[in-house]
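Fold and contact review
Take a look at the letters that make up each chain.
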Amino acid sequence: MEALHLKALREKISKCMGCGICRGVWERKDQAMCPVWATGTGFEDSTPRGRVTVAQDILDGFIQYSMPLAESVFRCTDCACCVTTCDSMDPETGDPIVDVPSIVAAMRMDLVENGFVPPHVRDYFKAVHVNGNPYKLPQEQRGKWAKGTGIEPFSGQDYLFFAGDVGSFDERGQVMARSVATLLVKGGVSLGTLSDRELSDGNDARVLGEAGLFQYLAEHNIETFREAGVKKIISLDPHSFNAFKKYYPEFGGDFEIFHYTQILETLIRDGGLVLSGLKARVTYHDPCYLGRHNGLYDPPRNILKKVPGLDLVEMKRNKKSAFCCGGGGGNFFTDMVGGGINSPSRIRVREALETGAEILAVTCPLCAKMLDDAVKDEGVEDRFRVMDVSEIITEAVAG
Ligand code: SF4
Ligand code: SF4
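Residues numbered from 1 in each chain as written. Chains lettered and ligands numbered in written order. Predicted model: local features only at pLDDT ≥ 70, side-chain atom pairs only at ≥ 80, totals over all residues.

The next thing to look at is unusual backbone geometry. For Asp78, which is not glycine, the phi torsion reads 55 degrees and is therefore positive. Owing to 26 C-beta atoms within 10 Å, Asp78 belongs among the buried residues under this scheme. With phi around 60 degrees, Lys136 is a residue other than glycine that occupies positive phi space. Structurally, Lys136 is set in the loop between α8 (119–131) and β1 (152–153). (Buried ≥ 20, exposed ≤ 12 C-beta atoms within 10 Å, placed from the backbone. Helix = DSSP H or I, 4+ residues; strand = E, 2+ residues; numbered from the N terminus.)

Surrounding ligand 1, one finds 14 residues, the nearest of these being Cys34, Pro48, Cys76, Cys79 and Cys82. For the shell around ligand 1, the elements supplying multiple residues, two or more each, are α3 (35–39), α4 (48–59), α6 (81–85) and α7 (100–113). Broken down by class, the residue content of the shell around ligand 1 amounts to 11 nonpolar, one polar and two charged. (Near = placed C-beta within 6 Å. Nonpolar A, V, L, I, M, F, W, Y, C, P; charged D, E, K, R; others polar.)

Moving on: the site of ligand 2. As a matter of local geometry, ligand 2 sits amid 15 residues, with Cys16, Cys19, Cys22, Arg49 and Cys86 nearest to it. Residue composition of the shell around ligand 2, grouped by class: 10 nonpolar, three polar and two charged.

Within the secondary structure, Val362 is located in strand β8 (residues 359–362). Its 26 C-beta neighbours within 10 Å are what place Val362 among the buried residues. Each C-alpha atom, one on Val362 and one on Ser343, is 18 Å from the other, the two residues being 19 residues apart in sequence. Apart from residues lying up to four places away in sequence, Val362 is in contact with His285, Cys367, Ala368, Leu371, Val386 and Asp388. (Contact = placed C-beta atoms within 7 Å.)

Per the domain assignment, the segments of the chain are domain 1 (4–117), domain 2 (131–265) and domain 3 (272–396). Facing the 17 residues of domain 1 at the interface are 20 residues of domain 3. For the side of domain 1 that touches domain 3, the elements supplying multiple residues, two or more each, are α3 and α6. Top contributing element to the side of domain 1 that touches domain 3 by residue count: α3, with four residues. Of the residues belonging to the side of domain 1 that touches domain 3, the class tally is nine nonpolar, four polar and four charged. (Domains from an automatic or database assignment.)

Before going further, it helps to examine helix α17 (residues 344–353). Of all 10 residues in α17, seven are buried; the element is thus mostly enclosed. The set of residues buried in α17 consists of Pro344, Ser345, Arg346, Ile347, Arg348, Val349 and Ala352. Buried residues along α17 sit against α3, β6 (280–284), β8 and α18 (365–378).

Here we come to the nonpolar core. Ranked by size, the top nonpolar core spans 127 residues in total, and within it Ala361 and Leu371 carry the most contacts. With nine residues, α7 is the largest single contributor of residues to this core. Apart from the residues lying within four places of it in its own chain, the contact partners of Leu371 are His285, Cys325, Ser345, Arg348, Val349, Leu360, Val362 and Val386. (Core = buried A, V, L, I, M, F, W, Y, C linked by C-beta atoms within 7 Å.)

Turning our attention to α8. The end-to-end C-alpha distance of α8, which contains 13 residues, comes to 18 Å, matching closely the 18 Å that a straight helix rising 1.5 Å per residue would cover. Within α8 the residues assigned to the buried category are Val121, Tyr124, Phe125 and Val128. Take α8 and look down its axis: the buried residues cluster within an arc of 95 degrees, on one side only. Those residues of α8 that are exposed and aimed more than 90 degrees away from the buried face are Pro119 and Val130. Where α8 is buried, its residues contact α11 (203–207), α12 (211–228) and α16 (331–334). (Expected span 1.5 Å × (residues − 1). Arc of directions from axis to C-beta.)

Right, dumping it as structure tokens:
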């Protein structure tokens, strides 16, 4: 049984001190930083520290890759909270040495290559491979969301607008994609869409360990963007943003990448959209692929702070320590973490309610869907709603 990808991280794995800080406050699961531990089976393998122990045991030959082990390894949302809490840092650069998500990713690649793939994960790979999207829908339907927004097909505009899988096919995601595109068009941003010529961005296939599928998707999209003359991309989805910015350059994809909140922030600052106001108490949820993975904490907050009458309040865990909604690392599609009263999204909604806010602002279509569902499960939809930042701005725009 080969553990080639894990072996390359031997040095990194050996630097774990076993302190358990990455588990959060273990006596109270609602305080745990790792969303999988918070949801909890109660077993150590659900914790970041446990994942490093498992990796070390594989390298030492005490355990081998197997299907039961795969079920555990695929229950990680790649939220990177364990990276920001770990004290094992390079003293010179300040970079994390242990970096649990990269260890999990290496184990997943080994598992995929050795044929240990849980059914939900296998179904996800198959759907993306066959259809170019995880919804098993025909490519021709990819551009349907754009109807009525005023966005044109891409033909050399300043920006390509990339809606991604959830923005293109999921009902909640489509509402968000329409809202963002309509607002940017209204603000005079020059942008177009390639709709059915795009495939999945591949971010979640990569995180789930299917390196070959990710390479195929990245190369296809890069070629499509190049042929169309794309130079700058606005992504709706932080997952696409993460893939384009950090992993497409490996395959020659060196485009300028923006999340839509960066464009919206500039537009509002420069007077491209005039805000009349919105009287509401709002709290903001940082998506992991925008915040911890890419350091973008300010643009959404700066946008919200510009709305007259809007009272922005922070949850106790915000920015670097924000608690994951549970939708990262492919879990949005595979649901390996599972639901229940202590699902990450329900914990996050309860935390948002503690602030006294009536609106939970989001900037990711996966967060929007996960948290929307959690609001219903918590039974608070009569007094609390999840809104994308662009939906809030649309309500606040003058005239
Ligand atoms: S990346 Fe997130 S879900 Fe995965 S082990 Fe670390 S804290 Fe837990
Ligand atoms: S990963 Fe970091 S925080 Fe977690 S047990 Fe190891 S050294 Fe401690």
